[in-house]
Each structure stands twice: as C-alpha cells, then as structure tokens.
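# A closer look at the structure
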Amino acid sequence: MSSNSFEAVPLQNLDEWEDDLLRRYPDPEKIAAAKDTEAYRNYEEPARDTVKEFYRLNHKYQTHEFVMGKREDYLKFDKKEMTVWDAFDFLNQLVDDSDPDTDLDQLQHLLQTSEAIRRDGHPDWMVLTGLMHDMGKVLCLFGEAQWAVVGDTFPVGCAYSDKIVYSEFFKDNPDFTNEQFNTRLGVYKEGCGLRNVNMSWGHDEYVYQMLKDSLPEPAQYMLRYHSFYSWHREGAYDYLLDDHDREMLKWVKLFNPYDLYSKSPEPPDWKKLRPYYEDLVGRYLPKTLKF
Ligand SMILES: [Fe+2]
Ligand SMILES: [Fe+2]
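Within every chain, residues take consecutive numbers counted from 1 along the sequence as written. Labels are handed out in written order, letters beginning with A for the chains and numbers beginning with 1 for the ligands. Local features in this predicted model are restricted to residues whose pLDDT is 70 or higher, and side-chain atom pairs enter the listing and the counts only when it is 80 or higher, whereas totals over whole chains, interfaces and linings include all residues.

### Let's talk about the overall build of the protein chain
- Summing up its helical and strand segments, the protein chain has 13 helices and two strands in all.
- In this treatment the radius of gyration is a C-alpha quantity, and the globule benchmark scales as 2.2 Å times the residue count to the 0.38 power. Here the C-alpha atoms of the protein chain give a radius of gyration of 18 Å, agreeing with the 19 Å that 2.2 N^0.38 yields for 291 residues.
- Seen through its principal axes, the protein chain has C-alpha atoms that stretch 55 × 50 × 40 Å.
- Partly exposed residues are those whose C-beta has more than 12 but fewer than 20 other C-beta atoms within 10 Å; 20 or more makes a residue buried and 12 or fewer makes it exposed, with C-beta atoms placed from the backbone. Within the protein chain, the fraction of its 291 residues that count as buried is 39%.
- A pair of residues counts as a contact when their C-beta atoms, built from backbone coordinates, are within 7 Å of each other. When contacts within the protein chain are restricted to residue pairs at least 6 apart in sequence, long-range pairs at least 24 apart make up 77% of them. Per the convention used, a helix needs a DSSP run of H or I reaching at least four residues, while a strand needs a run of E reaching at least two, with both numbered from the N terminus.

Here it is as structure tokens:
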C-alpha cells in the first residue's frame, strides 16, 4: 500500500480524529454552559464518514504482526536526529491546509496543552509532557498511514474489547479469527501489567519510547497511554493490569482533559513563552532527540 493512497489518508487532517474525540467525550464544563445552544448540539452530531472510514482501516490493519514490525523498525531510532526545536518545525509540516481558519498547527496544540497544565500549577515535568505528548505524530512524515499514527490505541495479541470505538470493524482484522490472539488473554497472562502488553502502533508508544529515560514514571504513562480511551475512559482490560497500572491510571486521567479541552482558536504567544520552554527542555531533555 502506498502512503498516499486513500487507505492511508481518509482524514483531511489529523485533527479530525481529535475533533471526533470531543464529540465522544465532550467537555463537561462546556456542556453545562452551552445547554441548548448550537455548540451543544454539535457534540451530538454523528461522527463524520471520514472518521468512520479511518477507524475501519485502523481496526482492520492493526494486527499483532503489524505492531511487531513497526516496533522493530521505529524503536531503533535510526531515522533522524534533531534538536527539540528543529523537531517542532519538522512536526509543523503537518499543518493542515484544508481549513486554515480553524485549525492550529501542531505546536499550538502542544503549547495550549502545556500552558493549561502550567496554569493549574502542576509539576514542571507534567508541563513538559504536555509540550511533547504528540511529537510522535512525525510518524506521518516518515510515510506512515494515518491509522498507524493516530486514533484510539488498544492491546494487540488478545481479544479486542467492545469498549473500543467502532469495535465492530475488528471482524475484518485477521487476528479476530486467529486462536492465538482472539481469546480474553491471548498471548498475555492475567494481571501481567501493561508494560508487558503490546499496544496498537501509533504516536503514543513512539513518543513514550523516545522520551522514557528523560521523564518520571507518571509522565511515561501519560505519553504511552493518552489515546488508550477504552482503558482510561471506559475501564476495559482490567484483567491485564497490575496494581501499579491501577495506581498510575490517575495520572493518565489527570492528563487527558488538558489534551482534549485546552483547544482554543487563540494561538499562544510563542515568542513570549520561548525562554520558559527553553529552560524547561534544557533541564529534562538531551540536546538532540533521536527519531
Ligand atoms: Fe495524542
Ligand atoms: Fe494531543
């Protein structure tokens, strides 16, 4: 499959997936404030066909074998080496050109997330986690299909939960009928801990692996599982967790609203903010990041 076929790009841009997350998990504060207004009704709109098509592909192609292959390839980190600042410029090539009025570039979303975390007085490593959490979307720029970069993540190698959005599409995934992978536990042991579970491939696992040695463990969980909605929002897969995962879940839940609900059309003033972030990045991250 070539990377520019329709199968690779059902979404006009990656934000369409995130806009759909807002429809599924609307901001409770906005709902309270906007009852009976158009904003409220928009939340209840059925997901657009592009999002549905995106999930059809994601669920069909994210097999155990696919994930193992991508881990093997990308976790060597031998593709590119950049400073954090060059990496933001690189990531910003993903800027959407279909709807320039409403969509902000990737850096704006990262800054709005990190600034919302900072405003609430959370530790500086969490601010940095907000700044970096979607850096893994550079996978798109390495030619990966959208369904291998964004979308809800889920374990592969065991039965797919019906708590996963559009779970009916898993019937087209070869693992669905593979006896090695289609039982409740599949290749895993009861309570083995998420660290022993392979997740569908995407920007979460990739950025976690990129930054895990530089950030404290709660930050690692935030990076690694921020799109694992069937776990952190729906409570699925409890039988794979160990007590440590259950303890760490609170951090993943703390992070999620900053990712989902910090979006605003107002771009943060990067010039003003830059000295703060240069200091923060300098204290936690190496001079260059390997991709
Ligand atoms: Fe993300
Ligand atoms: Fe995000």
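### Focus on helix 1 (residues 15–24)
- Along helix 1, the positions that sit buried rather than exposed are Asp-15, Glu-16, Trp-17, Asp-20 and Leu-21.
- Where the residues of helix 1 are buried, they touch helix 4 (49–61) and helix 12 (243–261).

### A word on the packing of helix 8 (residues 124–132) against helix 13 (residues 270–284)
- Packing of helix 8 against helix 13 leaves a shortest axis separation of 10 Å and a crossing angle of 100°. Put simply, helix 8 runs roughly perpendicular to helix 13. Contact with helix 8, carried on its side by Asp-124, Trp-125, Val-127, Leu-128 and Leu-131, involves Tyr-277, Leu-280 and Tyr-284 of helix 13 and no other residues of that element.
- Residue composition of the contact of helix 8 with helix 13, by class: seven nonpolar, no polar and one charged. The angle between two axes is taken between their N-to-C directions and runs from 0 to 180 degrees, where each axis is a line fitted to C-alpha atoms and a helix contributes only its stretch in contact. Roughly parallel means an angle under 35 degrees; roughly antiparallel means over 145; roughly perpendicular covers 65 to 115; every other angle is labelled oblique. Under this grouping Gly is polar, as are all residues other than the nonpolar Ala, Val, Leu, Ile, Met, Phe, Trp, Tyr, Cys and Pro and the charged Asp, Glu, Lys and Arg.

### Quick look at the confidence of the model for the protein chain
- A residue's pLDDT is the predictor's confidence in that residue, given on a scale from 0 to 100. Per-residue confidence for the protein chain gives a mean pLDDT of 91; residues scoring 70 or more make up 90%.
- This model gives residues 97–102 a pLDDT under 50, and the stretch forms three contacts once residues within four places in sequence are excluded.

### Some details on the packing of helix 7 (residues 106–119) against helix 8
- Close contact between helix 7 and helix 8 brings their axes to 7 Å; oriented N to C, the two are set at 165°. In terms of orientation, helix 7 and helix 8 fall into the roughly antiparallel class. Considering only the axes of helix 7 and helix 8, their crossing is right-handed. Here Leu-110, Leu-111, Thr-113, Ser-114, Ile-117 and Arg-118 of helix 7 lie close against helix 8, whose contacting residues are Met-126, Val-127, Gly-130 and Leu-131.
- A breakdown of the residues in the contact of helix 7 with helix 8 according to their chemical character gives six nonpolar, three polar and one charged. Should the near helix be turned anticlockwise from the far one by less than a right angle, the crossing is termed left-handed; should it be turned clockwise, right-handed.

### Things to note about the environment of Tyr-206
- Note that Tyr-206 resides in helix 9 (residues 203–211).
- Using a count of 26 C-beta atoms within 10 Å as the deciding quantity, one classes Tyr-206 as buried.
- It is 24 Å that separates the C-alpha atoms of Tyr-206 and Tyr-239, two residues lying 33 residues apart in sequence.
- If we ignore the near neighbours within four places in the chain, the residues touching Tyr-206 are Tyr-74, Gly-136 and Leu-139.

### Remarks on helix 9
- In terms of burial, helix 9 is largely enclosed, as eight of its nine residues are buried.
- Those residues of helix 9 lying buried are His-203, Asp-204, Glu-205, Tyr-206, Val-207, Tyr-208, Met-210 and Leu-211.
- Residues of helix 9 that are buried sit in contact with helix 5 (64–74), helix 8, helix 10 (217–225) and strand 2 (288–290).

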